[in-house]
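Listed below, chain by chain, are the residues.
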Amino acid sequence: MAVFGRTSYGTLFELLRMYPETTRTELVQMSGLSKATISEAVSRLMEVGLIAETGKRQPNRGRSQVVLALQPAMRQVIGAQFTGDGCFAVLADLRAGPIAWAKRDHLGQSPEGFVEALVACVEELRAQASAPVLGIGIGVPGLVDGSGREVILSVTYGWEHVPICDMLEQRLGMRVTATNRSKAAALGEFWQGNHTGRTDNLAYINIGAGISAGFVNQGKLFTGSGGSAGEIGHTTVLPDGPTCACGNRGCLHVMASERALLQTVRNRVRGDPNAVLGDELPLNALGTLTMEKLHAAADEGDATVLEAINETGTWVGLALANMINLINPSLVVLGGSIPAFGQPFLTGVREEVRRRALWDALHGMDIVLSSLGETAGTLGSAALFLDTLNVETILA
Ligand SMILES: [Zn+2]
């Protein structure tokens, strides 16, 4: 059926996801497709229950038009991200809305160990699905090739050239697509984040053990020509600063990642014999300082820790100001273990951005903390798979 050619259907499905309540006239206007094409496509989608007529609308006193509503739960997808511990997955609807969750620990750091965890999650979620499950999107900590098939490099896991989608498709008999999990999280924030501001150009930055970004423009992930767009952790913020694993010096990664924050706190305490750290952070425990201890100390209002968090925010703000000048986002969302410190971090970021970014780029833009937490990458992986859908897969 020519009317369901990849392009026309792709456009139509994107519009229905973006505007879940619409009319045939609006679809004609937004898609640029003919009335006859839209009419036929809508009929076909109604036949399979993906669209329902839910009422009437009378715009500008003109002829009343039938409201078409996407029925997002009539087809389902699975989103999953690989974490430090294993796999965290969701069964989601056609707008990446969560239906059920599953978690499994990995069986070892090898790709096979993570594949087993994902397979177990998928089996659990498939059993709960109330509609056909179309496929799986996954987010991994590492660089994924432009076609979304292979993990080129994951420093976190020590993986190189892992054909993760082939491995999973063989086990599950379902289509799989992959991306970096921060990029997936950007999609998660776009579709499911709880923000009031504009999200047409959204940037998401994950700041934790590593630092990387994802960009979503009009609902679409921007990955760059080879899939590596968003490596903000390896932009220079201090020329001749400490050496980074990437070979460069003074990367944001060595100034503001978890490891850098822990080091900053250690240095501040050692340099200040009068530092009052409270019971959570006794001087003799500095060698075993953890993020959990820092969070506890911050909650207690420990001044040394709060200052170090603010300083980390300043480094992130410096890199963000450059990024904001370059890509002019409407919303910047900060997620990961360091933004989880909340206001002391956010204040440092915002002040530095205000100091350095151009007024034009700042106008109407907001920087917020993630409302989704660790679910962003999982929900975004579901959204990632939804972006690959075409008529053949969705009506099959
Ligand atoms: Zn670097």
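So, here's what we can say about the structure.

What counts, and at which threshold
Residues numbered from 1 in each chain as written. Predicted model: local features only at pLDDT ≥ 70, side-chain atom pairs only at ≥ 80, totals over all residues. Helix = DSSP H or I, 4+ residues; strand = E, 2+ residues; numbered from the N terminus. Buried ≥ 20, exposed ≤ 12 C-beta atoms within 10 Å, placed from the backbone. Pairing = 2+ DSSP bridges. Core = buried A, V, L, I, M, F, W, Y, C linked by C-beta atoms within 7 Å. Contact = placed C-beta atoms within 7 Å.

### Here's the deal with unusual backbone geometry
Even without glycine at this site, H161 takes up a positive phi of about 45 degrees. Inspection of the secondary structure puts H161 in strand 10 (residues 159-162). For H161, a count of 9 C-beta atoms within 10 Å corresponds to the exposed category. Of note in the backbone geometry, N328 takes a positive phi value of approximately 50 degrees without being a glycine. Topologically, N328 is positioned in the loop between helix 10 (303-327) and strand 15 (331-335). The class for N328 is partly exposed, based on 17 C-beta atoms found within 10 Å.

### Structural notes on the sheet that holds strand 8 (residues 143-144)
Each strand in a sheet pairs with its neighbour through backbone hydrogen bonds, running either in the same direction (parallel) or in the opposite one (antiparallel). Across the sheet, which stays open at both edges, the three strands sit in the order 8-9-10 with antiparallel pairing between neighbours. If you trace the sheet from one side to the other, it starts and ends with strand 8 and strand 10, each paired once. Strand direction decides the pairing type here: strand 9 (residues 151-154) and strand 10, joined by three bridges, are antiparallel. Opposite V151, over in strand 10, you have V162 as the bridge partner.

### Section: the pairing of strand 11 (residues 175-180)
Of all the six residues making up strand 11, five are buried; the element is thus mostly covered by neighbouring parts of the structure. Summarising the sheet, strand 7 (residues 133-140) and strand 11 pair through six bridges and their orientation is parallel. Bridge pairing in strand 11 places I136 opposite V176.

### Focus on the nonpolar core
Here is a general trend for soluble globular proteins: nonpolar side chains tend to be buried in one another's company. With 107 residues, the main nonpolar core has I78, A89, L118, L252 and A382 as its most contacted residues. For this core, the element with the most residues is helix 10, which contributes 11 residues. What L118 contacts, discounting residues up to four positions off in sequence, is A80, C87, A89 and L168.

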